[in-house]
Amino acid sequence: MEFKLFAPYNEAAALVGSFSDWQAVPMQKGEDGYFRVTLDLEDGIYQYKLRVQSRSWFLKPDEWVEINDPYMTEMDLASENGIVHVKAGQQIRDTYVWKHDDKPLPANAELVMYELHIADFVGGEAEEPDKFARAIEKLDYLVELGVNAIELMPITEYAGNYRWGYMVRYYFAPESSYGSPEDLKRLIDECHARGIRVVIDAIYNHTDDQSPLLLIDRDYWYYHDRHYPGDDANYWGPEFNYEVYDEKLDIRPAWKFIAEVTCYWIQEYHIDGIRYDAVRQLANYDFFRWLIQEANQVVGKKPFYHIAEHIPDTSDIVLPDGPFEGCWHESFHYLLRGALLAEPIEFRDLRTAIAAQQQGYPQTSSVINYVATHDQEHLLVELGDRGIFGQPALQRVKLAVTLQMTAPGIPLLWMGDEFGQNTHKTQTVSEPNPLDWSLLKQDWNRDLFQFYQHLIALRKQTPALLTENIEFFHENQESQVLVYTRWNDTGSRVVVIANLSDEPMPGYTLSNFPCNGIWHEWVKSTDVEIGSDRPTIGLDKWEAKALILREG
């Protein structure tokens, strides 16, 4: 079996492992920049590491360092050594057999997404590698809720046994405290069995300061001392240098490595999309165009979603001008949150956040609309910080969900929002903040869950909501009433009426109503006959109504 290490300008490297009683086995360097050694190994599971004479300027010249293989695909939780499985003279990843690859999955425009952190989603002891397996037990809950895609916060190997995961150390290995590669494959396969797509968070801007590439040859892979100009607050660790070009080998090292990472996860784990972290800080559209092209050659015909996190959001990042299919829509969160907290928000700005086309986004799948994510507090928490609790808080949350599920764009829920998780964000990324599943046993929280469930069903069952079509036909900034309609070309139509104020309006008169007919008010499940273009509608304070045309 061959072991290899790409370190083209290092002088020497060696292999150590359980197969050699941890004695060094010298590796030979080839013209292609790889050190290699071939060993005869019996079938089994072995632990190993690499030793290399470093070229990194922060170490002594040619100092020997012991590292894990940058390409290792599994780490032993206890020893933190790399693991390799050998069978018939070949490395195998595991013995998992995929069972549900033929299951049809929803298209990008049909998604209702759910962001989750594996450890906090399932709870339990940080040191127990059972998180992937326990997440499988929660999948039927997600089916009951109605979401059809999960977005996993980083699941690649990081330092320690609990973190958010945004300081990646090993790119090819799943986090060992969550479970084995086979456990992760089973989780993804079981998602597919239920019609749920799996999107992973990819961190291609930076690594932690003990990355093996950093110890091998820092300036070959990373900027020496540079990061995104004028953005010191968003420096999280050593940043890959996508400008380095190796003339001798005719490669861009960082491009090569990240493309190999991306294609590996698509091939090995059958993922259905990638959310690319910190795209603004990486600031290289040419690289992303190339990377996505490389990835799509591996994807083939299955549905796949390339999503950018670019804050502040910009339509330049998505097709047709940019490389991505969608982006996180921070302005939707920011402006809707402001309106719900009764901050001074101009309706013209709120309109552009709800109707993303007015910001230059061309398609429903161009934006991911969220009320909260891992980076923000739950809306209930923010309301509570303003002294708004109980039913008044619930009303505003329900209004937010109604707008989120009826606006053009892909809705994204942050785990726990749907049943009223009300814990603050942790102050550090290494402090656990597990979901309180017991809340679902309380009537108030179960009511909120059922409301989310009901609105998700509306989103998925109403063709008008999968289009880009939207028209604001009535608004009253003074009364804080905003009304819009969504439709398609075959008769599906929705009208959304939102009262963004503390004043109940038992008899509010609308103008320019789109058509007469029998309308079904979705939230309260009642029918309303409208026979005038100026109907009178009753609105509670902080209430949104969704009317679906039954007969026109």
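Before reading further, recall that the structure is shown in the block above.
Notes on the structure in this doc start here.

Rules behind the numbers
- Residues numbered from 1 in each chain as written.
- Predicted model: local features only at pLDDT ≥ 70, side-chain atom pairs only at ≥ 80, totals over all residues.
- Heavy atoms only, no water.
- Helix = DSSP H or I, 4+ residues; strand = E, 2+ residues; numbered from the N terminus.
- Rg over C-alpha atoms; globule rule 2.2 N^0.38 Å.
- Contact = heavy atoms within 4.5 Å.
- Areas by Shrake-Rupley, 256 points an atom, 1.4 Å probe, with all protein chains shown as cover.
- Lys, Arg positive; Asp, Glu negative; His and termini not counted.
- Charge placed at Lys NZ, Arg CZ, Asp CG, Glu CD.
- Buried < 20%, exposed > 50% of the residue type's maximum accessible area, 1.4 Å probe, protein only.
- Pairing = 2+ DSSP bridges.
- Axes fitted to C-alpha atoms, helices over the stretch in contact; angles between N-to-C directions.

## Quick notes on the overall build of the chain
A tally of regular secondary structure across the chain gives 13 helices and 27 strands. The C-alpha atoms of the chain give 26 Å as radius of gyration, which agrees with the globular expectation for 552 residues (24 Å, within 12%). In the chain, once contacts between residues fewer than 6 apart in sequence are set aside, the share between residues at least 24 apart is 71%. In the form shown here, the chain has an accessible surface area of approximately 22,200 Å², with 46% of it arising from carbon and sulfur atoms. Where the 48 positive side-chain charges of the chain centre and where its 87 negative ones centre are 2 Å apart.

## Points about the pairing of strand β16 (residues 305-308)
The side-chain alternation of β16 yields two buried faces, one formed by Tyr 305 and Ile 307 and the other by His 306 and Ala 308. Pairing of strand β15 (residues 273-276) with β16 involves four bridges; the strand directions are parallel. What sits directly across from Ile 274, in β16, is His 306. Pairing of β16 with strand β17 (residues 326-328), which is carried by two bridges, proceeds in the parallel orientation. In the sheet register, Ile 307 faces β17, and the bridge partner there is Gly 326.

## A short note on the environment of Met 75
As for its position among the elements, Met 75 is in the loop between β7 (64-67) and β8 (82-87). Residue classification places Met 75 among the buried residues on the basis of a relative accessible area of 8%. For Met 75 and Pro 174, which are 99 residues apart along the polypeptide, the C-alpha to C-alpha distance reads 8.1 Å. Leaving out residues up to four positions away in the same chain, Met 75 has contacts with Asn 68, Glu 80, Asn 81, Ile 83, Glu 157, Tyr 170, Ala 173 and Ser 176.

## A closer look at helix α5 (residues 212-221)
Of all ten residues that make up α5, nine are buried, and the element is covered over most of its length. Taken together, the buried positions of α5 are occupied by Pro 212, Leu 213, Leu 214, Leu 215, Ile 216, Asp 217, Arg 218, Tyr 220 and Trp 221. Looking at the packing, one finds that the buried side of α5 touches β1 (2-6), β6 (44-53), β7, β13 (168-174) and α6 (253-269).

## Regarding the sheet that holds strand β20 (residues 471-476)
Taken together, six strands build an open sheet; the order of strands is β20-β21-β22-β27-β24-β25 and the sheet is antiparallel. With partners counted over all chains shown, the strands left at the sheet margins are β20 and β25 (526-530), one partner each. Pairs of neighbouring strands in the sheet enclose a mean axial angle of 25°, with direction left out of account. Two strands pair when backbone bridges link them, and β20 and strand β21 (residues 481-487) are joined in this way by five bridges, in the antiparallel orientation. Residue pairing across strands places Glu 471 opposite Thr 485, the latter belonging to β21.

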